[in-house]
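Observations on the three-dimensional arrangement
These are the residues of each chain, in order.
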Amino acid sequence: GSSGCWWNKCSFCPEPAEGSRYLPVPPREAVAQLKGLVEQHRPSLIHLLDNAVSPALLNALSDGPPGAPWYGFSRIGQELEDPSFCRSLRRSGCVMLKLGLESGDQQVLDGLRKGTTVEGASRVLTNLADAGIGTYVYLLFGTPAEDEAAARRTLDFTVRHADRIGFLNLAVFNMPL
């Protein structure tokens, strides 16, 4: 559906430093192309490789299912805080979303310029689980904004939401300050 990231504001992201631009395919065109590929190849699963599937493409997929189960990366955002929207994604074939939570500490999220809240992330994980959509959650430890207490709050968040997280990807921050 695109190259680059539609958000493009996270402080740890290499894309702005590399000058990578966000280049989306118009959402309805992307869905039409997916439907054509599904008809031609009959896949058992579609993996959307966007850095973050845009809200516009999520809406288009919800309105026009591609015809095969699908999953991909998505930002934790307001659209996923709507339980009915999550249910419509499931009806469209969404079986899992990969979410860059990064931290369960609000101060760290703000320092990373994620544009998300811990409370919003909690609602999103609940809504996706209730809709039957699996989650693959990315956590990032050791960022400049994080201290040991913040890392422990992230672990506590993860434990509290363990029944709503299917997979975890734990990483240690490894970019120059």
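This one's a predicted model, so the numbers in the text were calculated from it and none came from an experiment.

1. Examining the pattern of salt bridges
One pass over the structure, following the stated rule, counts five salt bridges. Notably, a salt bridge pairs Arg-123 with Glu-81, separated by 2.8 Å at the nearest N-O pair. One end of the pair, Arg-123, is in helix α6 (residues 118-131); the other, Glu-81, is in the loop between β4 (70-74) and α4 (83-91), and 42 residues separate them in sequence. Owing to a relative accessible area of 26%, Glu-81 belongs among the partly exposed residues under this scheme.

2. Notes on the pairing of β4
Across the five residues of β4, four count as buried, placing the element largely inside the fold. Following the backbone out of strand β3 (residues 46-48), through helix α3 (residues 55-63) and into the adjacent parallel β4, one traces a crossover that is right-handed. Both β4 and strand β5 (residues 94-102) contribute to a ladder of five bridges, which runs parallel. Note that in β5 the partner of Phe-73 across the bridge is Lys-98. Viewed along the sheet, the connection from β4 through α4 into β5 turns out right-handed.

3. Notes on α6
Between the first and last C-alpha of α6 there are 20 Å, a value that for 14 residues agrees with the 20 Å anticipated at 1.5 Å per step. Three or more residues of α6 are buried, namely Val-118, Gly-120, Ala-121, Val-124, Leu-125, Asn-127, Leu-128 and Ala-131. Phi turns positive one or two residues past the end of α6, at Gly-132, with a value near 85°.

4. Concerning helix α2 (residues 27-41)
Taking 1.5 Å per residue, 15 residues should reach 21 Å; α2 reaches 21 Å between its end C-alpha atoms and fits that length. When α2 is considered as a whole, its buried residues turn out to be Ala-30, Val-31, Leu-34 and Val-38. For α2, the buried positions fall inside an angular range of 95° around the axis, keeping them on one side. Of the exposed residues in α2, the ones pointing more than 90 degrees away from its buried face are Arg-28, Glu-39 and Gln-40. At its buried positions, α2 is contacted by β3 and α3. At the exit of α2 stands Arg-42, carrying a positive phi of roughly 50°.

5. A word on the packing of α4 against α6
In the contact formed by α4 and α6, the axes pass within 9 Å of each other and the chain directions differ by 45°. When the axis of α4 is compared with that of α6, the two are oblique. For α4 against α6, the interelement crossing comes out right-handed. Side by side, α4 and α6 meet where Pro-83, Cys-86, Arg-87 and Arg-90 of the first sit next to Asn-127, Leu-128 and Ala-131 of the second. A class-by-class count of the residues in the contact of α4 with α6 yields four nonpolar, one polar and two charged.

6. Some points on the packing of aromatic side chains
Under the definition given, this model contains three aromatic pairs. The interplanar angle of 40° and the centroid separation of 5.1 Å between the aromatic rings of Tyr-136 and Tyr-138 together place this pair among those described as tilted. Summarising the aromatic geometry, the rings of Tyr-136 and Phe-167 are spaced 5.6 Å apart at their centres and angled 25° between planes, so their arrangement reads as stacked. Of this pair, Tyr-136 sits in strand β6 (residues 134-141) while Phe-167 sits in strand β7 (residues 167-172), and the two are 31 residues apart along the sequence. Clustering of aromatic rings is evident, with ring pairs tying together Phe-73, Tyr-136, Tyr-138 and Phe-167. Lys-98 extends its terminal NZ or CZ atom over the ring of Tyr-136, reaching a point 5.7 Å from the ring centre.

Rules behind the numbers
Residues numbered from 1 in each chain as written. Predicted model: local features only at pLDDT ≥ 70, side-chain atom pairs only at ≥ 80, totals over all residues. Heavy atoms only, no water. Salt bridge = Lys/Arg side-chain N within 4 Å of Asp/Glu carboxyl O. Helix = DSSP H or I, 4+ residues; strand = E, 2+ residues; numbered from the N terminus. Buried < 20%, exposed > 50% of the residue type's maximum accessible area, 1.4 Å probe, protein only. Right-handed = clockwise from strand over helix to strand, strands pointing away. Pairing = 2+ DSSP bridges. Expected span 1.5 Å × (residues − 1). Arc of directions from axis to C-beta. Contact = heavy atoms within 4.5 Å. Axes fitted to C-alpha atoms, helices over the stretch in contact; angles between N-to-C directions. Parallel < 35°, antiparallel > 145°, perpendicular 65-115°, else oblique. Left-handed = near helix turned anticlockwise from the far one by under 90°. Nonpolar A, V, L, I, M, F, W, Y, C, P; charged D, E, K, R; others polar. Phe/Tyr/Trp six-rings, centres within 6.5 Å; stacked < 30°, edge-to-face > 60°. Lys NZ or Arg CZ within 6 Å of the ring centre and 35° of its normal.

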